[in-house]
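Spelled out, the chains give:
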Amino acid sequence: MDRNQQRPRSSILDSLGEELIGILTPVSICMFTVVLLVCLLNSDPSSSSFSSIATAAYSETDSDSPWDKLLGAFLNSLVFVAAITVATFLLVLLFYLRCVTFLKLYMGFSALVVLANLGGEISILLIDRFRFPIDSLTFSILLFNFSVVGVFAVFMSRFSILITQGYLVVIGVLVAYFFTMLPEWTTWVLLVALALYDLAAVLLPVGPLRLLVEMAISRDEDIPALVYEARPVIRDDSRLVQRRVWREQRSNVNDDDVENNVVRAEEEEEQRSEEISVPLIDSSSSSSRPETFLEGIGLGASGAIKLGLGDFIFYSVLVGRAAMYDLMTVYACYLAIIAGLGVTLMLLSVYQKALPALPVSIMLGVVFYFLARLFLEVFVVQCSSNLVMF
Amino acid sequence: MEEASRIDEPNRNPNTDRSSNPNPLSSIISSAHVWPTIDGPLGLTEEASVDYARRFYKFGFALLPWLWAVNCFYFWPVLRHSRAFPQIRNYVVRSAIGFSVFTSLLLAWALTFSIGGEQLFGPVWDKLVMYNVADRLGLSGLA
């Protein structure tokens, strides 16, 4: 269009930074908060009172040999991944049968359980730790308020973007903190197993998450699950970036004006991708309560990047577990995860379909953790004790 | 000009009436339009906002001052531009008043409790304070 020729074409760089920051900020806040909680609440590393489905097969004790621990961790991860697969297929079935209301109610209920139950327990731990003189009446009113508004934020489709995002990050923090309480070997093997599961579930044609995404695309619906969506970027010419891919037939006519101003790399004629769901098993009591979280990364209707809450949780679990060793491993793992997330976002812009966000980051994170723990620490300690560096 | 709608309701484009006018004048007009919600063009339309504001105000009476506060936060432009949205403003102002009243009462009680301590309350303080209640009910352990 002629009127657009005078204005300089906006390029991908104008909005790319803003969009990346829109995803990296909540992930970093989640990780930082979990590290903070881990450092503050310094749970006893040998406490084995934490039971969940992830320790159903084997509970780690200090007296076992490394081989026993490894074997036990494998069994635990197998059980957990099997449980998650079953739950995801159940979700696919329910979505296929169009029980969307039930799924939304379940989502609200799981948010309530996480916020009230896990949130309450963590606040009590914090109050205990700092001996904060709050009374039970005030505490229960505050907790009640916090959880009910959280359920509103998650359940209602149109709500303040900032508050919804804040509550999703809080839910991620709470669940991640609880997952860091798993025994050490189990945590690491579980993370690797989940990364492999995510890869299989999203990319294989028979994978449950891929089935879910394809069903959602074919029906032009959203999957009712907990997903973090970054705020859609408004370009400087006061139009929102058009990346509505599903309705290409209908929107082609109206998009003609916008096409010239939109970045070439992000065409509207791409397949809209959806995010994927991996139900997690609530671990705060021995009875398992599956909750619907999402893992995976995709693009939303308004072009905003969507990242599943499961990704938030497992990134934070990795960093939290690294924090239990030393802060040096935290820095290494944080950089690895952010690099992995950047790689995943690049792949997302290249492939334009729903991608698993766990594998790259978790693999890099685990590799960097062990490298830092085995090699970097020795180096840094030697240097600083000889007053060479740091 | 088309505005993208929120992800969860792809079929309800809040301003489809604007989509037929692509010239620069409409973009100037739309940028000067005052949106009732803090999200601006990504938020609710005026009609839906009245409904939301009313519902939040009513629900807040169930001992939910935080909901009132969220109501005020969400409809902040309504409070700022005092003449713009009379119906919404009614509910938002009442939510703000309710929030301040409730918070001042709660704060007064909480401060009295924490600062007064044992001297003011005697042995009851130990029974009411949260960390003891948690210990008694076994809430502070995990699992």
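What you see is a predicted model, and the numbers here were worked out from it, not measured in a lab.

### Observations regarding the overall build of chain B
Item 1. Counting its secondary structure elements, chain B contains seven helices and zero strands.
Item 2. Per-residue burial over chain B gives 44% buried out of 143 residues.
Item 3. Once local pairs closer than 6 in sequence are excluded, the contacts in chain B between residues at least 24 apart make up 42%.
Item 4. Here chain B displays about 7700 Å² of accessible surface, and carbon together with sulfur accounts for 62% of that area.

### Some words on the overall build of chain A
Item 1. When its secondary structure is counted, chain A shows 12 helices and five strands.
Item 2. Counting across all 390 residues of chain A, residues that qualify as buried make up 57%.
Item 3. For chain A, long-range pairs separated by at least 24 residues make up 74% of all intrachain contacts whose partners lie at least 6 apart in sequence.
Item 4. Accessible area for chain A stands at about 16300 Å²; split by element, carbon and sulfur atoms hold 68% of it.

### A word on the nonpolar core
Item 1. Counting 96 residues, the largest nonpolar core has Leu194, Tyr315 and Ile362 of chain A together with Phe75 of chain B as its most contacted members.
Item 2. The leading source of residues in this core is helix 6 (residues 161–179) of chain A, at 12 residues.
Item 3. Counting residues in hydrophobic clusters, the runner-up holds 12 residues, among them Phe113, Trp125, Val129 and Tyr131 of chain B.

### A look at the UniProt feature "transmembrane region" (unreviewed entry) in chain A
Residue and element names in this part refer to chain A.
Item 1. The feature "transmembrane region" (unreviewed entry), as given by UniProt, occupies residues 20–43, 73–97, 109–127, 139–155, 162–182, 188–209, 331–351 and 357–376 in the numbering adopted here.
Item 2. The annotated region residues 139–155 carries 100% helix and 0% strand content, and the separation between its end C-alpha atoms amounts to 24 Å.
Item 3. Each end of residues 162–182 is marked by a C-alpha atom, and these two atoms are 31 Å apart; helix forms 86% of the span and strand 0%.

### Side note on the UniProt feature "transmembrane region" (unreviewed entry) in chain B
All names here are of chain B.
Item 1. This chain's UniProt record puts "transmembrane region" (unreviewed entry) on residues 59–79 and 91–115.
Item 2. Between the end C-alpha atoms of residues 59–79 the distance is 20 Å, and the span holds 71% helix and 0% strand.
Item 3. What you have in residues 91–115 is 100% helix and 0% strand, and the ends, taken at the C-alpha atoms, are 35 Å apart.

### As for the pattern of salt bridges
Item 1. Throughout the structure, instances matching the rule amount to five salt bridges over all chains.
Item 2. With a shortest N-O distance of 3.0 Å, arginine 131 of chain A and aspartate 128 of chain A are connected by a salt bridge.
Item 3. Here arginine 54 of chain B and aspartate 51 of chain B are joined by a salt bridge, their closest N and O atoms 3.8 Å apart. Here aspartate 51 of chain B and arginine 54 of chain B lie together in helix 2 (residues 46–59), a separation of three residues that amounts to about one turn.

### Examining helix 4 (residues 100–130) of chain A
Item 1. Compared with an ideal rise of 1.5 Å per residue, which puts 31 residues at 45 Å, helix 4 of chain A spans 43 Å between its outermost C-alpha atoms and is within 8% of the ideal.
Item 2. Along helix 4 of chain A, the helix axis deviates most sharply at glycine 119 of chain A, where the bend reaches about 25°.

### Digging into the packing of helix 11 (residues 327–351) of chain A against helix 12 (residues 358–385) of chain A
Residues and elements named next belong to chain A.
Item 1. Packing of helix 11 against helix 12 leaves a shortest axis separation of 8 Å and a crossing angle of 150°. In terms of their interaxial angle, helix 11 and helix 12 are classed as roughly antiparallel. For helix 11 against helix 12, the interelement crossing comes out right-handed. Where helix 11 abuts helix 12, its residues Met328, Thr329, Ala332, Cys333, Ala336, Ile337, Gly340, Leu341, Val343 and Thr344 lie against Val360, Ser361, Leu364, Gly365, Phe368, Tyr369, Ala372, Arg373, Leu376, Glu377 and Val380.
Item 2. For the contact of helix 11 with helix 12, the residue count by class is 14 nonpolar, five polar and two charged.

### Focus: the pairing of strand 5 (residues 305–308) of chain A
All names here are of chain A.
Item 1. Every second residue of strand 5 is oriented toward a common face, with Ile305 and Leu307 on one face and Lys306 and Gly308 on the other, all of them buried.
Item 2. Of the pairings in the sheet, the one linking strand 1 (residues 227–229) to strand 5 comprises three bridges and is antiparallel in character. Looking at the pairing, glutamate 229 lines up with lysine 306 of strand 5.

### A few points about unusual backbone geometry
Residues and elements named next belong to chain A.
Item 1. Phi is positive for arginine 98, which is not a glycine, with a value near 60°.
Item 2. Counting through the fold element by element, arginine 98 comes out in the loop between helix 3 (66–96) and helix 4.
Item 3. Of note in this structure, arginine 131 is not a glycine but carries a positive phi near 55°.
Item 4. Mapped onto the elements, arginine 131 comes out in the loop between helix 4 and helix 5 (136–155).

### Overview of the packing of helix 3 of chain A against helix 8 (residues 208–219) of chain A
All names here are of chain A.
Item 1. The contact between helix 3 and helix 8 brings their axes to 9 Å, and the two run at 20°. With respect to helix 8, the element helix 3 is oriented roughly parallel. The handedness of the crossing between helix 3 and helix 8 is left-handed. Taking contact as the criterion, the partners of Thr88, Phe89, Leu91, Val92, Phe95 and Tyr96 in helix 3 are, on helix 8, Pro208, Leu209, Leu211, Leu212, Met215, Ala216 and Arg219.
Item 2. Among the residues forming the contact of helix 3 with helix 8, the class breakdown is 11 nonpolar, one polar and one charged.

### Thoughts on the confidence of the model for chain B
Residues and elements named next belong to chain B.
Item 1. The pLDDT averaged across chain B works out to 74; a share of 74% of its residues lies at or above 70.
Item 2. Here helix 1 (residues 24–32) is the element of chain B with the lowest mean pLDDT, 50, and helix 3 (residues 65–74) is the one with the highest, 90.
Item 3. Contacts from residues 1–22, a stretch scored under 50 in pLDDT, to residues over four places away or in other chains number 57 contacts.
Item 4. Predicted confidence is poor over residues 26–31, with pLDDT under 50, and the contacts of this stretch with residues over four places away or in other chains come to six contacts.
Item 5. For this predicted complex, the interface confidence comes out at an ipTM of 0.75, alongside a pTM of 0.78.

### Re the state of the cysteines
All names here are of chain A.
Item 1. By the definition in use, this model includes zero disulfides over all chains.
Item 2. Free cysteine cysteine 333: the closest other cysteine sulfur is in cysteine 39, separated by 13 Å.
Item 3. The class of cysteine 333 is buried, set by a relative accessible area of 0%.

### A short note on helix 5 of chain A
Item 1. Counted at 1.5 Å a residue, the expected span for helix 5 of chain A with its 20 residues is 28 Å, and the 28 Å between its end C-alpha atoms agrees.
Item 2. Where burial is concerned, most of helix 5 of chain A is hidden: 14 out of the 20 residues are buried.

### Some remarks on a nonpolar patch on the surface
All names here are of chain A.
Item 1. Together, Val367, Phe368, Phe370, Leu371, Leu374 and Phe375 give the surface a local cluster of nonpolar side chains, amounting to about 580 Å² of exposed area.
Item 2. Mapped onto the fold, leucine 371 is located in helix 12.
Item 3. For leucine 371, a relative accessible area of 42% corresponds to the partly exposed category.

### Thoughts on the side chain of threonine 180 of chain A
Item 1. Within the element layout of this structure, threonine 180 of chain A appears in the loop between helix 6 and helix 7 (184–203).
Item 2. A relative accessible area of 0% means that threonine 180 of chain A is categorised as buried.

Cut-offs and rules
Along every chain, residues carry numbers that run from 1 in the direction the sequence is written. Here the convention is simple: chains get letters from A, ligands get numbers from 1, in the order in which they are written. A pLDDT threshold of at least 70 governs which residues receive local features in this predicted model, and a stricter bar of 80 or more applies before side-chain atom pairs are shown or counted, although totals over entire chains, interfaces and linings include all residues. As a rule here, side-chain values cover all heavy atoms of the structure and leave hydrogens and water aside. By the criteria applied, helices consist of DSSP H or I runs no shorter than four residues and strands consist of E runs no shorter than two, each listed in order from the N terminus. For every residue, the accessible area (1.4 Å probe, protein chains only) is compared with the maximum for its type, and the residue is labelled buried under 20%, exposed over 50%, or partly exposed between those bounds. Here a residue-residue contact requires only that any non-hydrogen atoms of the pair lie within 4.5 Å. Only the protein chains shown count as cover for residues, with accessible areas throughout obtained via the Shrake-Rupley method and a probe of 1.4 Å. Put simply, a nonpolar core is a bunch of buried Ala, Val, Leu, Ile, Met, Phe, Trp, Tyr and Cys residues held in one set by side-chain atoms that sit within 4.5 Å of each other. UniProt positions are given in the numbering used here, feature names are shortened, and annotations may be inferred rather than shown by experiment. For this document, the term salt bridge refers to a Lys or Arg side-chain nitrogen within 4 Å of an Asp or Glu carboxyl oxygen. To estimate the expected span of a helix, subtract one from its residue number and multiply by 1.5 Å. What the bend at a residue measures is the angle between two axes, fitted to the seven residues ending there and to the seven starting there. In this analysis, axes come from line fits to C-alpha atoms, helices being fitted only over the stretch in contact, and the angle between any two N-to-C directions falls in the range 0 to 180 degrees. With respect to orientation, any angle under 35 degrees is reported as roughly parallel, any angle over 145 as roughly antiparallel, any angle of 65 to 115 as roughly perpendicular, and every other angle as oblique. Whether a crossing is left-handed or right-handed is set by the direction in which the near helix is turned from the far one by less than a right angle, anticlockwise for left-handed and clockwise for right-handed. In this classification, Asp, Glu, Lys and Arg are treated as charged, Ala, Val, Leu, Ile, Met, Phe, Trp, Tyr, Cys and Pro as nonpolar, and every other residue, Gly included, as polar. A pair of strands is considered paired only if DSSP assigns at least 2 bridges between the two. For every residue, the pLDDT score states the predictor's confidence, bounded by 0 at the bottom and 100 at the top. The disulfide definition used here is simple: a pair of cysteine sulfur atoms within 2.5 Å. Residues enter patches when their relative accessible area tops 30% and they take part in no salt bridge; the joining distance is 9 Å for like charges and 5 Å for the nonpolar side chains Val, Leu, Ile, Met, Phe, Trp and Tyr.

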